[in-house]
Each structure stands twice: as C-alpha cells, then as structure tokens.
Amino acid sequence: MSNDGSTIFGGGGSSVTSYGGIVNEMFDGGGPVDGPPIENGKSPKKGAIPLIDEESQSTPRGSTAGDGAGSPSMEFSTSRPGGLSTISGVFAPVALSMFSILLFMRMGFVVGQLGFLMTILQLAMAYAIVMLTVLSLCAISSNGAVEGGGVYYMISRSLGPEFGGAIGVLFFVANVFSCALYISGFTEALMNNIGNGQFPDSPTWRFCYCVLVSLVLLILSLLGSALFAKTALITFMLISICYFTWILSVIFNGPMAVTIPKVNTPAYRVLINASDPSQGTVEDFNQTLTANYTGWSFHTLGENMFPNYTMDYTTEKPTDFALMFAIIFSGVTGLMAGANMSGELARPSVSIPRGTVQAVFTTLFAYIATAFLMAATSSRYLLQNDYTVMMDTNFHRIFILIGIFSTTLFSSMSNLIGSSRVLNRLSHDKLFGCLLRPAKIEIGDRNPVVSVVITWICVVLVFLVGAMNKIAKLTSIFFLLSYMGVNVATLALELTSAPNFRPTFKFFSWQTCALGVIATGTMMLVVDASMSALGVVVLMTLIMVLHYQAPSVSSGSISQALIYHQVRKYLLLLDVRKEHVKYWRPQILLLVSRPASACSLLDFVNDLKKSGLYVVGHVRKGDMDSSAVVDPLQQVFPYWLSLIDYLKLKAFVELTMSNNIRHGIQQLMRLSGLGAMKPNTVVIGFHELTPSQVTLQESQLLKDLRYSKIDRAAVVEYFTAGDYMPKELDGNLERLTPIDYVNVLKDVLHMTKNLCVARHFSKLDKEALSRGWNGQKRYIDVWPVDLQKPQETGLGWDNSSLFLLQLACILSMSSRWRTYTKLRVFICVNSLQDMHRRERQLKNMLQTLRINGESSVVPWDHVVCHYQPTSGATSGNTTIPSVDLPPAYISAFNDMVKRYSEEAAITLLNLPVPPDNAEENADRYLELVRNLTDALPPTLLVHGVSSVISTAL
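This report concerns the structure included in the present document. Source: prediction; values computed, not measured.

## Description of unusual backbone geometry
The phi torsion at Ser611 lies on the positive side, around 60 degrees, for a residue other than glycine. Relative to the helices and strands, Ser611 is located in the loop between helix H19 (599-608) and strand E8 (614-621).

## Describing the packing of aromatic side chains
Taken as a whole, this structure holds 32 aromatic pairs when the rule is applied. Where Phe109 meets Tyr387, the ring centres are 4.8 Å apart and the plane angle is 80 degrees; that geometry is what we call edge-to-face. Separated by 278 residues along the polypeptide, Phe109 in helix H3 (residues 86-141) and Tyr387 in the loop between helix H11 (380-385) and helix H12 (389-392) bring together distant segments of the chain. Considering the side-chain rings of Phe186 and Phe405, the 5.4 Å spacing of their centres and the 75 degrees angle between planes classify their relative orientation as edge-to-face. Of this pair, Phe186 sits in helix H5 (residues 161-195) while Phe405 sits in helix H13 (residues 397-428), and the two are 219 residues apart along the sequence. A relative accessible area of 11% places Phe186 in the buried class. Three or more aromatic residues joined by ring pairs make a cluster, and in this case those are Trp783, Phe826, Trp860, Tyr867, Tyr889, Phe893 and Tyr900. The ring centre of Tyr387 lies 4.3 Å from the NZ or CZ of Arg106, which sits over that ring. In this structure, Arg824 is placed above the aromatic ring of Tyr779, and the distance from its NZ or CZ to the ring centre is 3.8 Å.

## Remarks on the pattern of salt bridges
Counting across every chain of the model gives twelve salt bridges. Arg269 is the partner of Glu283 in a salt bridge, and the nearest nitrogen-oxygen pair spans 3.7 Å. Here Glu283, found in strand E3 (residues 281-283), pairs with Arg269, found in strand E2 (residues 269-271); they are 14 residues apart in sequence, far enough to count as distant. Given a relative accessible area of 38%, Glu283 falls into the partly exposed group. Here the salt bridges share partners, and the residues they tie into one network are Arg269, Glu283 and Glu316.

Rules and cut-offs
- Residues numbered from 1 in each chain as written.
- Predicted model: local features only at pLDDT ≥ 70, side-chain atom pairs only at ≥ 80, totals over all residues.
- Heavy atoms only, no water.
- Helix = DSSP H or I, 4+ residues; strand = E, 2+ residues; numbered from the N terminus.
- Phe/Tyr/Trp six-rings, centres within 6.5 Å; stacked < 30°, edge-to-face > 60°.
- Buried < 20%, exposed > 50% of the residue type's maximum accessible area, 1.4 Å probe, protein only.
- Lys NZ or Arg CZ within 6 Å of the ring centre and 35° of its normal.
- Salt bridge = Lys/Arg side-chain N within 4 Å of Asp/Glu carboxyl O.

In structure tokens:
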C-alpha cells in the first residue's frame, strides 16, 4: 500500500427510640493504559502513562495501605475510628436546624392564620417536599463511601465537577448568608430581650456585636468536630428541656389574660378623632391590650380549626396561603446539616440517611403536637397578635428565650462549619485552581482551620453589606437549588440503571426523585420567582465557567452514563431495514496506516462525513501473545484517541491486529460501527511507489486539551518516531504489496461499500482556501466521466457518477468549503453541436437535484480519439477492463483535467473498476491510476455501488 498516510498498514439514641423501629426498617443493615506498546515484554517507551493514576494510588481514608490489595482505588471499610455518631453528628444537627425559630416564635402565628387543619395540611405538604429530598439524600449517601464536603461531594461525584462545583459554590454562599442571618437575628433578640436599653444601639454597634458573636462561633468551630458534636447534644437537650417546660405549662396553667406586646403597633392604633375616621390613627401605648389564654378547651379548639387570614403585624401586609406556606417551609429546610458533617462521621453512609430520617419524623411530630396544643389553649386573637405566645404562656419567659437563643446560635454554628467543609472539599478538587489552595490546610484530626477562617471572613463581609432581609430570599433559593441538585443526581443515577448504583436505602424510586425535582422547583417560584431566575442564572454561569476551567477528575460524570443510556436506546430504535435514500448520509471508514503523513486526509474526511459516522481504522500486523501482560493495542489506543482530539476530529478509532493486513482490513469493514450505524463508504489512500513524507507537527494540533493525559509533544513524538513502523524479519517496512492493495479495493466493492481512493492530499491546505486563488474562490471540480465507457457522454448517470456528485455537494455544504469554494461540474461532449443542449440539460439536472453549482461543458474529442482498446478487449457499448485502457487515452484525459482544474482545491473523478485478476494486473492497474491522477490537485477517486440521491419530497 501507499504512503499517503492511509495506505501503509502496520506500526503502530433515646429521644428517638419511638421512631427507631420505623426508621430502621427503611435500611438494609482503572482502564486502558496510556502509553506506547510493550513489545516482547520490554518496558514502555519514554513518556508512557502509568497504569494507576495518582489519585487512585492514594490510600483511602479510614483504611490502611494494605487494605484492598489489588484494587487501590476501592474502599472496603467506610468507618472512621473516633468519628461522630449518628445522634451527635446527624440527628441532633438536623433536628436543631429544622426546629429553628419556627418552633418558638412562629408556630402560634401560623395556627392563628391557618387554623389547625390547614396547618396540618401545610406541614404535610412541606414535609412531603422535604421527605422527597431526604429519600434522594438517603439513597445517594448509602451508595458508597462518603467523604467530606456533604451535599457538594455527593452531587459532584454523581453529576460531575461542573454541576457539582456550581451547586457547591451556591451551597457555600447560602450557608454563609444563613450564618450571618442567624447571628444577626440572635444579636437583635439578645438586645431586645436582655439589654433593656443598657447597651449602645446603632448600626455600627450592632455590627460589632455581630462580629463578637461570630468570633465565639469561630473559636468553637476551630476546636474541631468533637466539640461541635458535644455542642449539638447539649443544645438539643437544652432545647428539649425548654420545650417540655411549655408542655408542662399547657397542662397545669389555667385561663389567663395575656398582654399583647407593644411591638404589635397596629393593635395599639386608635383613631385621632372617633367621630371623624378620615383623620387617621395614632399609636397609643398607654393602654393595655390583652387576649385570652383559655387553657385546654374543646370550644377553643373548634374556633381554631379553620383559616382566618388577617395580616402580619411586623410587615403590615395581608397574609394568604402562599405566604404562610413559605413561613412553614423556610423553618424546616435544615435537612443538610448532617450531610455537611460527612467528613467527620464514623459511618457516613449509615449515619446520614438514618439520622436525617429520624430527625425529620421527630420534628414533624413536635410541630403537629405544638400546633394542636396551641389551637386547643389559645384564642384566635392571641395567636394572631402575639408572636411570643409560647414565651408569654410559659412558667417563665427565660426558658423560651434560652430555646430561641440556643437554636439560633447553634444553627449559625452549623452553617459556619458546614460551609467550611464544602470550601475545603472544593479546594481539594482544585475546581478553582490555586485560588482556594490555602483552604486545603488541615491540622490535627483533619480539621480544616483555614477553610473555617475564610468562611468566617465571608460572614463578616456579609455583616458589612447589611440588607439581611434582601438576601434572605436569595439564600432560600440557593438552598432549594442544592436540594434540587440532590434529587437530580439520584434521578439520573436511577434512570441510567448504572450497575454500581446499589444504595442500601431502598425506599425511593425515580418517581420520588422526579417529584422532588418538581417540588423544589415549585417552591423556588413560591418563595420568589425573580430571585429564582437570578439563582438559576448564577448556577448556569458557574456551570459554564467550570466546564471550561475545571480540571479533569477521576470520579466520573453522570453525563457519560446518561449519554450511554440514551445512545443504546436510540441505537436499538435505529433499524437498518427502515433506511431510505432520502435520509442517506456518508458513514465513512478511513483506513490509516501512518497518521503522521495523513493529517490532511484525516481532516478532509472529517468535512466529508456530513454529521455521519466517521471511523478511523488501523491494522497492526502481529499475533496476540498469550504471555503478554497487556494487549498491545490497549497500549497504543490512548495515543490514537489523543491524536483524534488534538486534530479536533469527530471520529471513532478502531484498531485491530492480524497476521495478514488484508484480513485485518476485512475485520474492520465487517465489524466497525454498531447496529445500523456501520460504515457504507471506505476511504483509502493511494499506493504510492515510495512512502510519503511525515507531515505531522505540533503546530497542527490544538495547544491544550483538558482531559488528555498525553500532551501533544508526546503524541507527535510517538507517531513520528523512526521506529514507529515495525519491520519484518528481513528489514523491509510493513507495506501492502500491489496485489494485496488491489485485492483490498475489490474487497470493499464485494462488501457493497462505496469506495474512495485519495491521492495528493498532502498538497491540501485548508488555510489557503481563505486566501483564494488570485482573490477569487477556489473550486471543487467534479468530473463524472466513465473512462471505460467514453461513448456514454449523456446525463444518464449511473450510481457511481451520482455518488460522486453527492460527495462533492456534501463537501461544498461544510462550513469552510461553503464559504471559500464553489462547486463546478464538468461534462464532456464529443462534438461542438451538442455543447449548448448538454449544458442546458446539466443545469436542469443540478436544479432538479437541488445542487448549487456551476455547470461546464467541454469537448473531449481530442481525448476520445486515443480510445483504441487492445485486441483482447471488445468495443461498442460493452465496458472494457480498466487495465486495457490505452495509456495515450489516459494521458490525454489527465492533460485535459489539469488544464481545466488548475484553480481547483480538489478534484473528484470516477475510479476505474479494479481488475478481476489482481495477481496479473495489479501493477498495470496502479500505473493506470497513477497516470490518470499525475500532477493533479488533491484528488478523490470514487466508485459508488448504491443509490444515494433522491428527487422525491
């Protein structure tokens, strides 16, 4: 075979005991090697890529270096000695975060507006949404080893670094904002209830108070997760004591009058002139307003059963169903507090799902019990006009104050620690380069102190910004986007039916995941549609930035599993029996031996495929050695993939090994592709007398590829090395003989595949197309002349000529060729009298075929006069063998094509049919093709075997 780059083959807990039974029933207790080939057991060449990458070689957390021998990247033991337990690490933080301020300061107002029945309905709705996300969280967290980073780690390891990183950033920001909001609320409550005007109060002083509180939280956070766990348990027990004091108060307190707080200014407004209401109102705080606390009463319960919307006295805005639902839902969204501590848990895959579900059921029971007791003991007027009804009806106000302060302070600490863990994992994954490198620093028991300090600084900056009410909604949107991300990740894993997605938590399905996505998306719109749009824009921007900037990671991406799932499904639907000529497109197998000398041809075929299948095939001569550790083709395959990527080709690579190159090509033609996507056209370079020169240079390749483990210098070195072409025992280069080459051409036709032979493509310079020819466009010249039937010069073209025209049309439709070239079709006539008639016929045919091209009719009587078949050949209308065509005839046609196609960027000719007896006529046939294409521009010789053009609608 030739050396035109494609023709030389070769080379180559107690508080939750009552729920434990319920919850516990819900649980059940590296690739091809990059590098050059290993020949004869020798070591790889310089630049070889190791079998196991750096990340997979690292010892898994919680295991010793000897664990899992033989599979370094697998973690069999997920327990961490000394880690947090389910109660202290997950249940307590989640329960505290979900109680929040709603339990102590908002539940009475909610019942006063909604009534008991509607409150239960909205609690059920809110918890249904939360529970859908909890189910997804339980599934994804029980599917394997979970490390630090919480929700970010889970999403990034499922959906990939782009989506996971974007969600991680939003989750970090949301936690920072939420921490600032809790601290600000804590400081305000402290000043209003304890200060009694003894402390200075101004924006500057409030900022200082907030910083002082945050400093206390910073110190507690720097002391590590063990202190956090103790704080969580102590806080939970403290809040439980405070809550039970209220329960005891409800049981033992009798009826009383409760004073309406002065902060309810609308209740204290009176008319300036009772006889003239138009004069307005004025606030009279000298009066004392009270509301009835009835104690346990069925009458009171009946009055509080149904909704009675009034207004929120703090904002003086009317209430409605949506507003009250937003208040309830915002108080129960702390379900990620336990997942944020994933890196400090002893058994995260067990603790996260179990502790989260237990906390959800516990808080739901507490909220229902609280709503029922308030509806049965407090009048509607009291509930609607006193946010602090729980405090005012308790034995002593201090208990509820302690509960409010404890939940707020702990929630802010939980946000601070959780966001620092997300930041630490983001830095470990290097998604933002060196920007977050300091956040990787850890001390002691992997305590990310720098991440905690950076997070604290961000919280202080939020204090400076102020406008807490404005960022509160955006914070809720970011949290909801994070929850949606968990649902999307689990939904994707479930839909792809990935074999390794086997979570021990079984109570979920793709329907619950999909409902979770819809529910969280709906809640975003309920909270604030405009803020939701802003949040989505920020998310998409981060995804795009990370898509182009984030480094490659070895954790995999769900996108590949989704693509595989869809491709397999649609490939099964793609039925070869339903093919129609109207939808024909070229599906090309390009046979390449030395890619270093075929770069132009590789690029040209990429333009020719017209969104069809493009396979680059290569045969390596040899046998599988049973003593070899690795298949030699596995060693070289990454280099071929990198070359395809660096050349920016949309192609697949198929490599095979055979003792006989021809048999290897037959394997490629039969087995390349999948289902109905199999090559229908084979492109092969011409068999030159001597191998062509290597043209591959670094400048021809892309400068950088994100996901390539082999740099372009190594690719060029591999394919241009002097010993790339393996040699036979006698020292000759592995090349197809002329006989084998011609037989390969015949094999293509026998398999009913279209055949294209490429020559002179080393001359093709696509960059020169933009410069034109003397300022004009270059041409794509088509010569649909059957040299073996010179007497048939009409327009009754056969499949081969129509295939030739179709390929030229497809090429002229590709972007660069469409801009800088014109299609020109030549037809030859024997007499001048026929020129105008044939030109008109040609134009009509091009119009009928919807091909935009110039038509040109040329006389060729000076060529046909040399057509004198040899004595062994017959004349007339019978096709004579190609090897019997007179050399003068072929030379004259070559001269004519050179004269008319001087300005052509590429010419397309009919390929003379290969001879039947290749053993005797191979050299003569190759000489004929050589003379036919001598000194021509880059030429594609084409022989079509099937119908490819349709004029039907």
